[in-house]
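Descriptive structure summary
Spelled out from the first residue to the last, the chains are:
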Amino acid sequence: MKLHEYQSKQIFARYGIPIPKGRVAATPDEVKQIARELGGRVVIKSQVLVGGRGKAGGIRLAKTPDEAAETARQILTMEIKGLPVRKVLVDEAASIAAE
């Protein structure tokens with residue numbers, strides 16, 4: 001079974017597993033609105049069914065809703081391993097010291 005990240009997170013949430021707040025979007029305007037609702041600092045993640053999204057530039061941090069919209073505009077025009085990015089997941093940015 002192949003699931004996008006946002007679909008997997010919906011399943012996790014249904015079973016009480018904590019997940020970051022976030023929603024899926026298909027346009028930069030939707031991303032901007034979600035970023036506002038989440039407090040501004042968000043991670044924009046391309047939703048394609050392949051690995052290597054981050055290395056391909058399909059996962060990026062945005063510090064403001066306007067930056068989130070511009071980042072989404074860029075990501076939504078990408079192809080990753082031959083697959084067009086049609087949706088992005090907008091998640092609240094977590095505070096981490098190291099990955």
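I will try to describe carefully the structure that is included in this document. Small disclaimer: the values here were computed from a predicted structure and weren't measured.

**Section: the environment of Pro65**
Considering the arrangement of structural elements, one finds Pro65 in helix H3 (residues 65–75). According to the relative accessible area criterion, Pro65 is buried, its value standing at 18%. The residues contacting Pro65, other than those within four sequence positions of it, are Lys32, Ala35, Arg36 and Gly40.

**Concerning the pairing of strand E6 (residues 88–92)**
With four of five residues buried, E6 is to be regarded as a mostly interior element. The pairing of strand E1 (residues 22–25) with E6 spans four bridges and is classified as antiparallel. Looking at the pairing, Ala25 lines up with Val88 of E6. Relative to E6, strand E2 (residues 42–46) runs antiparallel, the two sharing five bridges. Residue pairing in the sheet places Ile44 in a bridge with Val90 of E6.

**Comments concerning unusual backbone geometry**
If a residue is not glycine, its phi is most likely negative; likewise, a peptide bond is most likely trans. At Lys81, a position not held by glycine, the phi torsion is positive, near 50°. Mapped onto the fold, Lys81 is located in the loop between strand E4 (79–80) and strand E5 (83–84).

**What to know about a nonpolar patch on the surface**
A cluster of nonpolar side chains, namely Met1, Leu3, Ile11, Phe12, Tyr15, Ile17 and Ile19, defines an oily patch on the protein surface of about 750 Å² accessible area. Relative accessible area serves as the criterion here: at 42%, Ile17 is assigned to the partly exposed category.

Rules used throughout
- Residues numbered from 1 in each chain as written.
- Predicted model: local features only at pLDDT ≥ 70, side-chain atom pairs only at ≥ 80, totals over all residues.
- Heavy atoms only, no water.
- Helix = DSSP H or I, 4+ residues; strand = E, 2+ residues; numbered from the N terminus.
- Buried < 20%, exposed > 50% of the residue type's maximum accessible area, 1.4 Å probe, protein only.
- Contact = heavy atoms within 4.5 Å.
- Pairing = 2+ DSSP bridges.
- Patch = residues over 30% accessible without salt bridge, like charges linked within 9 Å, V, L, I, M, F, W, Y side chains within 5 Å.
- Areas by Shrake-Rupley, 256 points an atom, 1.4 Å probe, with all protein chains shown as cover.
- Salt bridge = Lys/Arg side-chain N within 4 Å of Asp/Glu carboxyl O.

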